Amino acid sequence: VYKRQGVRIDVMTEKQVHGAVLEHNRKAAAMWSQGGRAYDAISSGISEGIRHGVARLAPAADQDVLDIATGTGWTARQVAKLGAKVTAVDIADGLLSAARALAADEGVTVEWRLGDAEKLPLADASFDAAISTFGIMFASNQEAALGELSRVVRPGGRIAVVAWEPNTNAAALRQVVAPFMPQAPAPKTPPPSPFNWGDPDWLFSALGDHFDLRHEKGELFHRLSSPSEAWTVYSSGFPPVQAVAGALAPARREEMRLAFEEWVGTYRTDLGVAIPFQYLVTIGIKR
């Protein structure tokens, strides 16, 4: 434990981290942790979608609200500023350390918990509402994450899920990065697509037995000064890009930079670049 600007900051031991995160998710947790405080620039860039989800959830003051896969806590801080009592969970201790410091800087109170969306360290029916903005969609075991989302919300409670839509620009960004990823044998069972969470039909089949669902589409723009600034922000603060770039030899990394900046450059404006991302906001009421 140490103090930063008079605020108590807890440092997790490796044993504590492993106890809170399921074994098959520890590699992903380590990757996401690399983003640290720099990841907040990504959250800031996509904050239009985050605000959209918070507005549609409309948490009331003094309600108990859970933020799943909080990252650096952008969503949790917005909900807490509305007067709700917020608990925020993530598998990445590096992101949570940044979240604690950022909340302290803003004078916002949130209970931060290291935990796995597939096995939340929380009691049944303990929240009036739960939200996840571009987070729970990356759970490797979607069935488990869906079950946990349902388990922790009280009957009559609300959920908000904000997720990238399939076959849109978030998927295109993945395709820019994919050629530079290490080649590995194809798994016998392909992993589930995170973009399922942006598909109303899939959500109905996955959650419709427990929630009354409504949806609203949205589009946000990540605005930056130039393609080169976009590369700096994503390669230093967005772990899926950061991890791939960091593993490359210098010449290959330069090829990746050029490919990334070429893609971003297609969204150039007179004032810089504005990368559009399409997403779906889903609100559910627990039966």
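What you see is a predicted model; the values in this text were computed from it and never measured. (Residues numbered from 1 in each chain as written. Predicted model: local features only at pLDDT ≥ 70, side-chain atom pairs only at ≥ 80, totals over all residues. Heavy atoms only, no water.)

> Go over the side chain of His52, please, and point to the residues and values.
If you trace the backbone, His52 turns up in helix 4 (residues 47-57). Owing to a relative accessible area of 16%, His52 belongs among the buried residues under this scheme. A polar side-chain atom of His52 sits 2.5 Å from a polar atom in the side chain of Glu216. (Helix = DSSP H or I, 4+ residues; strand = E, 2+ residues; numbered from the N terminus. Buried < 20%, exposed > 50% of the residue type's maximum accessible area, 1.4 Å probe, protein only. Polar contact = N/O pair within 3.5 Å; in protein donor to acceptor, adjacent residues only side chain to side chain.)

> So what about the pattern of salt bridges? Which residues, and what values?
By the definition in use, this model includes 17 salt bridges. Between Glu48 and Arg223 there is a salt bridge whose closest N-O contact spans 2.7 Å. Linking Glu48 in helix 4 with Arg223 in strand 8 (residues 211-224), this pair joins segments that are 175 residues apart in sequence. Residue Glu48 is classed as partly exposed on the basis of its relative accessible area of 25%. Of the residues examined, Arg223 reaches a relative accessible area of 55% and is grouped as exposed. (Salt bridge = Lys/Arg side-chain N within 4 Å of Asp/Glu carboxyl O.)

> Requested: an account of the pairing of strand 9 (residues 273-286), with residues and values cited.
Look at any regular strand and the pattern is simple: side chains alternate between the two faces of the sheet. Taking burial as the measure, the 14 residues of strand 9 include 13 buried ones, the bulk of the element. Judged from the seven bridges that link them, strand 7 (residues 153-164) and strand 9 form a sheet pairing that is antiparallel. Note on strand 9: the bridge partner recorded for Val162 is Val281. Relative to strand 9, strand 8 runs antiparallel, the two being bridged by 14 bridges. Across the sheet, Arg223 pairs through a bridge with Ala274, a residue of strand 9. (Pairing = 2+ DSSP bridges.)

> With reference to specific residues and values, describe the packing of helix 10 (residues 227-237) against helix 11 (residues 239-246).
Put simply, helix 10 and helix 11 touch, their axes get as near as 5 Å, and they point 85 degrees apart. Put simply, helix 10 runs roughly perpendicular to helix 11. Together, Trp231, Tyr234, Ser235, Ser236 and Gly237 of helix 10 and Pro239, Val241, Gln242 and Ala245 of helix 11 make up the contact between the two elements. A per-class count over the contact of helix 10 with helix 11 returns five nonpolar, four polar and no charged. (Axes fitted to C-alpha atoms, helices over the stretch in contact; angles between N-to-C directions. Parallel < 35°, antiparallel > 145°, perpendicular 65-115°, else oblique. Contact = heavy atoms within 4.5 Å. Nonpolar A, V, L, I, M, F, W, Y, C, P; charged D, E, K, R; others polar.)

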